[in-house]
Amino acid sequence: MDDSILIYFERLELMAFFSGYVAIYIFLNAFTNSKKTRLSKTSKRLLSLLPYSYTLTAILFWGYVLRNLFPEYTVHHYLAQFNAPFWQLIALASILSWVPIFRKKGYYSLLHSLFFFGFLLIDFYYFIIGNNGPELLQNDMKVFTDSLLLNLSTLIVIVVIRAFSVKIKG
C-alpha cells in the first residue's frame, strides 16, 4: 500500500482520539462565560473535569498504541510500525495531562488537541480550494463525530467517578 494512504489512516486515528475535545471545550467554555445561571455553574464544574477526561482519552490512546506494538516493545519496532512517528509522539505527549501542573490549566490539553483538530481544518481548506474531493471531508467529519462521542463518553465517565467519590467521602 502507498505510504501516503497509511499516513492518512494514521491521521484519522489520531483525529479519532483527540480532535473532538476542542469542540467540547469551546462549548462548555461558552456556557461558563455566560450569565451567572445554574447552567453556568454546571458547565464550570464540567470544564474543571475536562482535563481529567482528556487524561482518560490519553490512556485509551496509549492502550491502542501498546496493542499495535504487541509483542515487541522496542524503539525500532515503534518506528517500523508507524508511518508518521512524529505525530504519534505528539499524541503520546497527551499523557502529560496526568501531571498536576498541566491538569490544573485546562488550556494545555486544549492546545494539544488543537494540533489534531488542525488536520480537519487543513482538509477543509483543501476542500474549499478544490484540491480534495468531498470524500476526504466526509471521512474527516465521521471521524470527528466519533471523536466527539469518545471525548463526551470519557467526560461522562469522569463525572460518574467524581460523583461516586464525593458520595463515598461523605
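Preceding this paragraph is the structure being described.
First, a word on scope: everything that follows refers to the structure included in this document.

What counts and how
Residues numbered from 1 in each chain as written. Predicted model: local features only at pLDDT ≥ 70, side-chain atom pairs only at ≥ 80, totals over all residues. Heavy atoms only, no water. Helix = DSSP H or I, 4+ residues; strand = E, 2+ residues; numbered from the N terminus. Contact = heavy atoms within 4.5 Å. Areas by Shrake-Rupley, 256 points an atom, 1.4 Å probe, with all protein chains shown as cover. Lys, Arg positive; Asp, Glu negative; His and termini not counted. Charge placed at Lys NZ, Arg CZ, Asp CG, Glu CD. Phe/Tyr/Trp six-rings, centres within 6.5 Å; stacked < 30°, edge-to-face > 60°. Salt bridge = Lys/Arg side-chain N within 4 Å of Asp/Glu carboxyl O. Buried < 20%, exposed > 50% of the residue type's maximum accessible area, 1.4 Å probe, protein only. Axes fitted to C-alpha atoms, helices over the stretch in contact; angles between N-to-C directions. Parallel < 35°, antiparallel > 145°, perpendicular 65-115°, else oblique. Left-handed = near helix turned anticlockwise from the far one by under 90°. Nonpolar A, V, L, I, M, F, W, Y, C, P; charged D, E, K, R; others polar.

### Thoughts on the overall build of the protein chain
(1) Moving on: Each helix and strand in the protein chain was counted, giving eight helices and zero strands.
(2) Moving on: Put simply, 73% of the contacts in the protein chain that link residues at least 6 apart link residues at least 24 apart.
(3) Moving on: Only carbon and sulfur atoms are counted for the fraction: they give 70% of the accessible area of the protein chain, which is about 10500 Å².
(4) Moving on: Charged side chains of the protein chain number 15 positive and 9 negative; the gap between the two group centres comes to 32 Å.

### Notes on the packing of aromatic side chains
(1) Moving on: The tally for this structure, following the rule as stated, stands at 17 aromatic pairs.
(2) Moving on: Through a chain of ring-to-ring contacts, three or more aromatic side chains come together here, namely Phe-17, Phe-18, Tyr-21, Tyr-25, Tyr-54, Phe-61, Tyr-64, Trp-87, Phe-115, Phe-116 and Phe-119.

### Overview of the pattern of salt bridges
(1) Moving on: Per the stated rule, a full pass over the model turns up one salt bridge.
(2) Moving on: Asp-123 is paired through a salt bridge with Arg-11; the nearest N and O atoms lie 2.8 Å apart. On the criterion of sequence distance, the pair formed by Asp-123 in helix H7 (residues 106-129) and Arg-11 in helix H1 (residues 3-18) is long-range, its members being 112 residues apart.
(3) Moving on: Using a relative accessible area of 6% as the deciding quantity, one classes Asp-123 as buried.

### Re the side chain of Asp-140
(1) Moving on: With respect to the helices and strands, Asp-140 occurs in helix H8 (residues 134-169).
(2) Moving on: In contact with Asp-140, other than residues within four places in its own chain, are Tyr-8, Leu-12, Met-15, Phe-119, Leu-120 and Asp-123.

### Quick notes on the packing of helix H2 (residues 20-32) against H8
(1) Moving on: It is at 7 Å that the axes of H2 and H8 come closest, and there the two elements cross at 60°. On the basis of the axis angle, H2 is oblique to H8. Relative to H8, the crossing made by H2 is right-handed. In this structure, H2 contributes Gly-20, Tyr-21, Ala-23, Ile-24 and Leu-28 to the contact, and H8 contributes Phe-144, Ser-147, Leu-148, Asn-151, Leu-152 and Leu-155.
(2) Moving on: Across the contact of H2 with H8, the residue classes break down as eight nonpolar, three polar and no charged.

### Here we look at the packing of H1 against H8
(1) Moving on: It is at 6 Å that the axes of H1 and H8 come closest, and there the two elements cross at 35°. Each of Tyr-8, Leu-12, Met-15, Ala-16, Phe-17 and Phe-18 in H1 lies in contact with H8, whose residues at this interface are Leu-136, Asn-139, Asp-140, Val-143, Ser-147, Leu-150 and Asn-151.
(2) Moving on: Classifying every residue of the contact of H1 with H8 by side-chain character gives nine nonpolar, three polar and one charged.

### With respect to the environment of Tyr-52
(1) Moving on: Positionally, Tyr-52 belongs in helix H3 (residues 38-69).
(2) Moving on: The class for Tyr-52 is partly exposed, based on a relative accessible area of 37%.
(3) Moving on: For the pair Tyr-52 and Ser-97, spaced 45 residues apart in sequence, the C-alpha separation works out to 7.6 Å.

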